[in-house]
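# Fold and contact review
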Amino acid sequence: MVKEATLNGVQWVVPDPKRENWYWPSEALKVHAWASDAKIYAQAAADPIAFWSQQADQLTWSKQWTKAYEDEPFAYRWFVGGKLNLSYNSLDRHVAAGKGGKTALIWEPEPVDEPSRIFTYQELLAEVSRFANALKALGVRKGDRVGIYLPMIPEAVIAMQAVVRIGAVHTVVFSAFSPESLRDRLLDCGAKVLITADGYYRRGKKIPLKQQADQALTGTSVEKVVVVRRAGNEIPMQKGRDVWYHESVAGQSTHFPPEEMDAEDLSFILYTSGTTGKPKGVMHTTGGYAVQVYATSKLDFNLHEDDIHFCTADVGWITGHSYINYGPLMNGVATLVYEGTPDAPDFGRMWQIIAKHKVTVYYTAPTAIRMHVKWGEEWPAKHDLSSLRVLGTVGEPINEEAWHWYFEHIGGKRCPIIDTWWQTETGATCVQALPGIGPFIPTVAGRPFPGIRAKIVDAGGVPVKTGDGGYLVMEPPFPPALLRGLYGDSEKFRATYFGEFGPRLYFTKDGARMDEMGNIRITGRVDDVMNVAGHRLATAEVEDALAQHPLVTEVAVVSKPDEVKGEVPVAFVLLKKGVHPSEDLKKDLIKTVDQHIGPTARPAAIYFTEDVPKTRSGKIMRRILKALVRNEPIGDLTTLRNPECVEDLQKAVGYKA
Ligand code: WTA
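Thresholds applied
Residues numbered from 1 in each chain as written. Predicted model: local features only at pLDDT ≥ 70, side-chain atom pairs only at ≥ 80, totals over all residues. Heavy atoms only, no water. Helix = DSSP H or I, 4+ residues; strand = E, 2+ residues; numbered from the N terminus. Contact = heavy atoms within 4.5 Å. Pairing = 2+ DSSP bridges. Axes fitted to C-alpha atoms, helices over the stretch in contact; angles between N-to-C directions. UniProt positions renumbered as here; feature names shortened; annotations may be inferred. Phe/Tyr/Trp six-rings, centres within 6.5 Å; stacked < 30°, edge-to-face > 60°. Buried < 20%, exposed > 50% of the residue type's maximum accessible area, 1.4 Å probe, protein only. Domains from an automatic or database assignment. Buried area = accessible area lost by both parts, 1.4 Å probe. Salt bridge = Lys/Arg side-chain N within 4 Å of Asp/Glu carboxyl O. Polar contact = N/O pair within 3.5 Å; in protein donor to acceptor, adjacent residues only side chain to side chain.

A word on the side chain of R349. Within the element layout of this structure, R349 appears in helix α12 (residues 349-357). Those residues within four positions of R349 in sequence are excluded, and the remaining contacts are E108, P109, E110, V112, Y338, T341, P342 and A344.

In structure tokens form, the structure reads like this:
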């Protein structure tokens, strides 16, 4: 174990002498790294099941599995017969190893003058156990679904841990989602209990979360609501249904025996956007999920016990599940949770937090980096960032400019950038460069993680030539954390992921290319899913929301590149007869989107139009609208029923191509 104090300011990377913009780990990093020999790839490829079993051996199982991997069409299973608990592996086992006094969670509130809250592993275990007892007293049992609608406060992690400790299933819903989005998810999974908060801080303002939750609850199966007091705002409490978190845990025992879970038991459902208007409930298991999240956290970020890991995602997204909560905690490191936004009280907030807590690993999204680029390098320059060792990115392809800015102004040209490709469905990272192995190349994610078999194929499922573009797919043995299904819809599960290429090839819906070394460059989604400021969103969801406005007859939404957010939705709206377009109506439409989804889904532009291009069978040709807003060649119009409308649309959007 290298002492943390000796690590500050170390040169972790060196430039490639021959290839511009390529970097490799320095000797210092190779010595410090868990994996520093590229042979790990060949070894794991020779026997992926053995590789994953070795990773699984590093966790604590109450019963050893009898078969590491089993694969039938659409039904792949890992660590069959094995038993374990995610919360035990996150907390108890470190306490049992004598590390109960180590910092587990550091919470940084948004108001700068409010003190941080820090939990040791022993303290976090005690609090999780108390809350597990409270939830049990409220009737939560193994297999029950529990909704979590919380801001970025320690109780978000505590709640998730308590739920899986009982063997119940959590469904975390992003706190900026609208009541309607929350209701859809609670209804779909049949949640019995909801955990929420009175409110939280957003740029100094108190957001009334409980009132939003109340609106969502009518008509759902939720029987009890637990409310964390955070903002201290006045809220209504419904007698018999609502209880305060602090009252529910008062007097509860700090001991709660973790439920013994089967490796294939469901651990959580997380809703994500597909190509339709209705989000899908991605199902994750216990064993395979734990193993891949544990192993990737350790190897991607080269986690050692004294690391302070700061992932800026929200717990409402898969990144927050895996790399704020389970991954860092299973590795016994300190995880940092920040409540607020990066511009509160000023543009230097993230860098101030890194300096204050001596953060060693910083994991964020390219969209956030582009925002910092805009704000300027004078902000990070004010803070001591020499504690940083590894930088990570996730969520979308990172452009060259953002990569170099991150590398220079945050990493001080000392730290590797680990560009991690993965999805809600994969549960954990799948493609990346490993810190001790490299290379680190701007815009290139890296190689498939050891034990993962990914390739690039054409539309017929045939591998393309090295360097050619194609579709990114994965082959069996499928990654241990890969989703096992979509809640309540096995048909959709098969059709969505195995519809194109059959049960032996999982289709990621991403385009990519691969070089001779196996480095993968992701080119983006090939379906109608957008990445808006790191948030996954289907164009159909925005269409559905807008179509619910009483004055709208038809609507088409496409994505358009944006300098900061990566992509933004643009809407073409057809109004009812006699309705006149106006700025007020635009505002009203934006409000509709806020109501049905949340502010993340707001269109960047709304065009009122008489018509949208359609095929003879009446299908909207979004391809043409996309070309129009991107100033790209429009292509063939002969298959259209109404080619004449394209000219009007060109004028409306200011088309120049
Ligand atoms: C995209 C987020 C390029 C990709 C963890 C994927 C990326 C979708 C990267 C999943 C990356 C994620 N480079 N693209 N490093 N990481 N993506 O489910 O299109 O919110 O299919 O999961 O984000 O988004 P999701």
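One key point about sheets: their strands pair by backbone hydrogen bonds, in either a parallel or an antiparallel sense. With mixed pairing, seven strands are arranged side by side in an open sheet as β7-β6-β19-β18-β20-β21-β22. A single partner strand is all that each edge strand has here, and the edge strands are β7 (117-120) and β22 (417-420). For this sheet the average axis-to-axis angle between neighbouring strands, irrespective of direction, equals 20°. Examined bridge by bridge, strand β18 (residues 308-311) and strand β19 (residues 334-338) share three bridges and lie parallel to one another. If you follow H309 over to β19, its bridge partner there is T335. Across the sheet, helix α15 (residues 400-410) touches β20 (361-364), β21 (390-394) and β22, and the angle it forms with β21 is around 155°.

When the UniProt feature table is mapped onto this chain, "domain: Acetyl-coenzyme A synthetase N-terminal" (unreviewed entry) is found at residues 39-89. Within the segment residues 39-89, helix and strand shares are 41% and 27% respectively, and the terminal C-alpha atoms sit 29 Å apart.

Take the UniProt feature "domain: AMP-dependent synthetase/ligase" (unreviewed entry) in the chain next. Mapped onto this numbering, the UniProt entry annotates "domain: AMP-dependent synthetase/ligase" (unreviewed entry) at residues 94-477. Taken as a whole, residues 94-477 contains 31% helix and 23% strand, while its terminal C-alpha atoms sit 30 Å from one another.

Further remarks concern the packing of aromatic side chains. In the structure shown here, the tally under the stated rule is 38 aromatic pairs. When the ring of W61 is compared with that of W65, the centres are 4.8 Å apart and the planes differ by 65°; the resulting orientation is edge-to-face. Classification of W61 as buried rests on a relative accessible area of 13%. A relative accessible area of 11% places W65 in the buried class. Here Y69 and W78 contribute two aromatic rings whose centre-to-centre distance is 4.6 Å and whose plane-to-plane angle is 50°, an arrangement assigned as tilted. Relative accessible area serves as the criterion here: at 10%, Y69 is assigned to the buried category. Given a relative accessible area of 0%, W78 falls into the buried group.

Along its sequence, the chain is carved into domain 1 (4-84 + 269-525), domain 2 (86-99 + 118-259) and domain 3 (531-653). A separation of 38 Å is found between the C-alpha centroids of domain 2 and domain 3. On the domain 3 side, the residues contacting the six residues of domain 2 number nine residues. Across the domain 2/domain 3 interface, buried area totals approximately 500 Å², and carbon plus sulfur atoms make up 41% of it.

For the rest of this paragraph, the subject is the pattern of salt bridges. In the structure shown here, the tally under the stated rule is 38 salt bridges. One salt bridge in this structure joins R77 and E70, with 2.5 Å as the shortest N-O distance. With relative accessibility at 24%, the residue R77 sits in the partly exposed group. In this structure E70 comes out as partly exposed when scored by relative accessible area, which is 22%. In this structure, D265 engages K142 in a salt bridge whose closest nitrogen and oxygen atoms are separated by 3.3 Å. Of the two residues, D265 sits in the loop between β15 (261-262) and β16 (266-272) while K142 sits in the loop between α5 (121-137) and β8 (145-149), which places them 123 residues apart along the sequence. A network of salt bridges, in which partner residues are shared, links K67, E70, E72 and R77.

For strand β13 (residues 224-228), a buried count of four out of five residues is recorded, marking the element as mostly surrounded by other parts of the structure. In this structure, β13 lies alongside strand β14 (residues 242-244), joined through three bridges in parallel fashion. When the sheet's bridge partners are listed, V225 is paired in β14 with D242.

Tracing the backbone through its elements, the reader meets S90 in helix α4 (residues 86-96). Among the polar contacts made by the side chain of S90, one reaches the main-chain carbonyl oxygen of L86 at a distance of 2.8 Å. For S90, the side chain forms a polar contact with the side chain of Q161, separated by 3.2 Å. Sequence-distant contacts of S90, defined by excluding residues within four places in its chain, comprise Y121, Q161, Y326, L329 and M330.

Looking along the chain, the bond that leaves A344 and enters P345 is cis, with omega of 5°. Within the secondary structure, P345 is located in the loop between β19 and α12. Its identity is not glycine, yet R203 carries a phi of approximately 50°, on the positive side. Considering the arrangement of structural elements, one finds R203 in the loop between β11 (200-202) and β12 (205-207). The class of R203 is exposed, set by a relative accessible area of 55%. Although it is not a glycine, A533 sits at a positive phi angle of roughly 50°. Along the chain, A533 falls in the loop between β30 (529-532) and β31 (535-538). Judged by relative accessible area, which is 25%, A533 ranks as partly exposed.

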